[in-house]
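Summary of structural features
Here's the letter readout for the chains.
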Amino acid sequence: MGVFLRYYAAAAAALALDYGMSAWFAGLSAAGSSGAEGAAPLELAHPTLRLLGRAVLWYAAAALGLVGSLIYANVCPQALGKDPRTGRVPAWSHALFWSAHAWNYCFVRVTYWKRKRRGIAAATEVLDGWYLGGCFLDEVEGVAAPWACVVDLTNEFDERGAVAPENYLNLPTWDGQPPDERRFDEVGAFVAA
């Protein structure tokens, strides 16, 4: 099943929340105008606040839908702006795609906590001194920083491990998608150096 579906699901949830809020505000308006005892006054459902809430939810849904579509089409993994030299995601990306970054971070963090509770480490030593792991390199136990070399396949997370820029290579990929196979030679040469 495609990873893009979780972004579409979050977008749908934002739109459903908008629908639910609209119905709730409509109920407040109806109760306030009918003079029902104990009804919330119409001022609680101020039109500006309703409009602002709806705009935030629609923007969140649009950003989630856009990222989900990019993942589905497997195009433009650089869209989130991660710096290929430092591994940092810029502030403009967090501001522009806040809902996608928040959704992804929460999803990955919860998954990581579940795995940690089951005793699965953030990275696994596959050969002597060679580790394969996720996006929480700073939480790998028993490995002294800085890392000698990091090949980062993410495009949405800041590089959290201590690594010098000359020892860092980023091949931006969307979740659930393989990296560009034309760059495998570059990875081999980088790791061998």
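Read on for an overview of the structure.

1. Focus: the packing of helix 2 (residues 47–73) against helix 4 (residues 98–117)
Helix-helix packing is described using two parameters, namely the angle between the two axes and the distance between the axes. For the pair helix 2 and helix 4, interaxial distance at closest approach is 7 Å and the crossing angle is 70°. If you check the angle between helix 2 and helix 4, you find them roughly perpendicular. Relative to helix 4, the crossing made by helix 2 is right-handed. Judged by residue contacts, V56, Y59, A60, A63, L64 and V67 of helix 2 engage W98, S99, A100 and W103 from helix 4.

2. Comments concerning the pairing of strand 1 (residues 123–127)
As paired strands, strand 1 and strand 2 (residues 130–133) are joined by four bridges and run antiparallel to one another. Looking at strand 2, one finds that T124 is bridged to L132. Connecting the antiparallel pair strand 1 and strand 2 is a turn made up of two residues, with G129 showing a positive phi of about 85°.

3. Things to note about empty space enclosed by the protein
With the rule as written, the count across this model stands at one cavity of 30 Å³ or more. Among the elements that make up the lining of the largest cavity, the one with the highest residue count is helix 4 (three residues). Of the residues belonging to the lining of the largest cavity, the class tally is five nonpolar, three polar and one charged.

4. Comments concerning the packing of aromatic side chains
Given two aromatic rings, one states the distance between the centres and the angle between the planes to describe the pair. All chains considered together, the criterion is met by one aromatic pair. With a centroid separation of 4.6 Å and 35° between ring planes, the pair formed by Y112 and F136 is classed as tilted. Of the two residues, Y112 is situated in helix 4 and F136 in the loop between strand 2 and strand 3 (150–152); the sequence distance between them amounts to 24 residues. A relative accessible area of 4% places F136 in the buried class.

5. A few points about a nonpolar patch on the surface
There is a patch of nonpolar side chains on the surface, built from L49, L52, V56, Y59, W92, L96 and W98 and spanning about 690 Å² of accessible area. If you list the elements that add at least two residues to the nonpolar patch, you get helix 2 and helix 3 (91–96). Top contributing element to the nonpolar patch by residue count: helix 2, with four residues. On the secondary structure map, W98 appears in helix 4. Classification of W98 by relative accessible area gives partly exposed; the value is 36%.

Cut-offs and rules
Residues numbered from 1 in each chain as written. Predicted model: local features only at pLDDT ≥ 70, side-chain atom pairs only at ≥ 80, totals over all residues. Heavy atoms only, no water. Axes fitted to C-alpha atoms, helices over the stretch in contact; angles between N-to-C directions. Helix = DSSP H or I, 4+ residues; strand = E, 2+ residues; numbered from the N terminus. Parallel < 35°, antiparallel > 145°, perpendicular 65-115°, else oblique. Left-handed = near helix turned anticlockwise from the far one by under 90°. Contact = heavy atoms within 4.5 Å. Pairing = 2+ DSSP bridges. 1 Å grid on protein atoms, 1.4 Å probe; cavity = no way out; pocket = protein on both sides within 12 Å on 5 of 7 lines; lining within 4 Å. Points joined across faces, edges and corners; volume = space filled by probe spheres on them. Nonpolar A, V, L, I, M, F, W, Y, C, P; charged D, E, K, R; others polar. Phe/Tyr/Trp six-rings, centres within 6.5 Å; stacked < 30°, edge-to-face > 60°. Buried < 20%, exposed > 50% of the residue type's maximum accessible area, 1.4 Å probe, protein only. Patch = residues over 30% accessible without salt bridge, like charges linked within 9 Å, V, L, I, M, F, W, Y side chains within 5 Å. Areas by Shrake-Rupley, 256 points an atom, 1.4 Å probe, with all protein chains shown as cover. Salt bridge = Lys/Arg side-chain N within 4 Å of Asp/Glu carboxyl O.

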